[in-house]
Amino acid sequence: MKQKKIPQRKCIACNERSDKKALIRIVRNKDGEIFFDPTLKANGRGAYICKEMVCLEKAIKTKALNRAFKTEISQEVYEKLKLELEKLESK
């Protein structure tokens with residue numbers, strides 16, 4: 001029996017490839033909102049990042065999210081993403 005292919009994605013901060021489900025998807029929708037997508041299926045442009053604060057901080061420092069979404073991201077959005085990631089890490 002043929003084994004099902006597991007989708008791979010690359011973290012925009014550390015550039016490591018991993019299973020899609022092992023990463024967090026950050027989405028920018030048509031309205032310009034940027035948020036974590038726990039379902040991995042929300043409409044909009046997506047970027048993947050490891051479930052570690054180090055990777056999010058590296059993405060902020062290198063402006064990787066700005067490049068991925070081709071827009072300037074405000075500090076408020078970064079703070080919101082940090083809070084949400086802290087909630088995920090504590091689970």
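That block above? That's the structure.
These figures come from a predicted structure and were not determined experimentally.

Peer 1: Looking at this structure, I do not really get helix α3 (residues 75–90). What am I missing?
Peer 2: The α-helix winds at 3.6 residues per turn, so residues separated by three or four positions along the chain end up facing the same way. Between its first and last C-alpha, α3 extends 23 Å over 16 residues, near the 22 Å set by a 1.5 Å rise per residue. Looking at the buried side of α3, the elements it contacts are β3 (23–28), β4 (34–37), α1 (53–61) and α2 (64–69).

Peer 1: Could you clarify how one ought to interpret the pairing of β3 in this entry?
Peer 2: For a regular strand, side-chain orientation follows a simple rule: the groups alternate between the two sheet faces. With five of six residues buried, β3 lies mostly within the body of the structure. Relative to strand β5 (residues 45–50), β3 runs antiparallel, the two sharing six bridges. Note that in β5 the partner of Ile24 across the bridge is Ile49. Where β3 meets β4, four bridges bridge the pair, whose relative direction is antiparallel. Following the sheet pairing, Arg28 is matched in β4 by Ile34. Counted between consecutive antiparallel strands, the loop separating β3 from β4 contains five residues, among which Gly32 sits at a positive phi close to 90°.

Peer 1: I keep staring at the side chain of Asp37 and nothing clicks. Help me out?
Peer 2: Considering the arrangement of structural elements, one finds Asp37 in strand β4. Polar contacts involving the side chain of Asp37 include one to the main-chain amide nitrogen of Lys41, which spans 2.9 Å. Ignoring anything within four residues of it in the chain, the contact list for Asp37 reads Arg25, Val27 and Ala42.

Quick notes on the rules
- Residues numbered from 1 in each chain as written.
- Predicted model: local features only at pLDDT ≥ 70, side-chain atom pairs only at ≥ 80, totals over all residues.
- Heavy atoms only, no water.
- Helix = DSSP H or I, 4+ residues; strand = E, 2+ residues; numbered from the N terminus.
- Expected span 1.5 Å × (residues − 1).
- Contact = heavy atoms within 4.5 Å.
- Buried < 20%, exposed > 50% of the residue type's maximum accessible area, 1.4 Å probe, protein only.
- Pairing = 2+ DSSP bridges.
- Polar contact = N/O pair within 3.5 Å; in protein donor to acceptor, adjacent residues only side chain to side chain.

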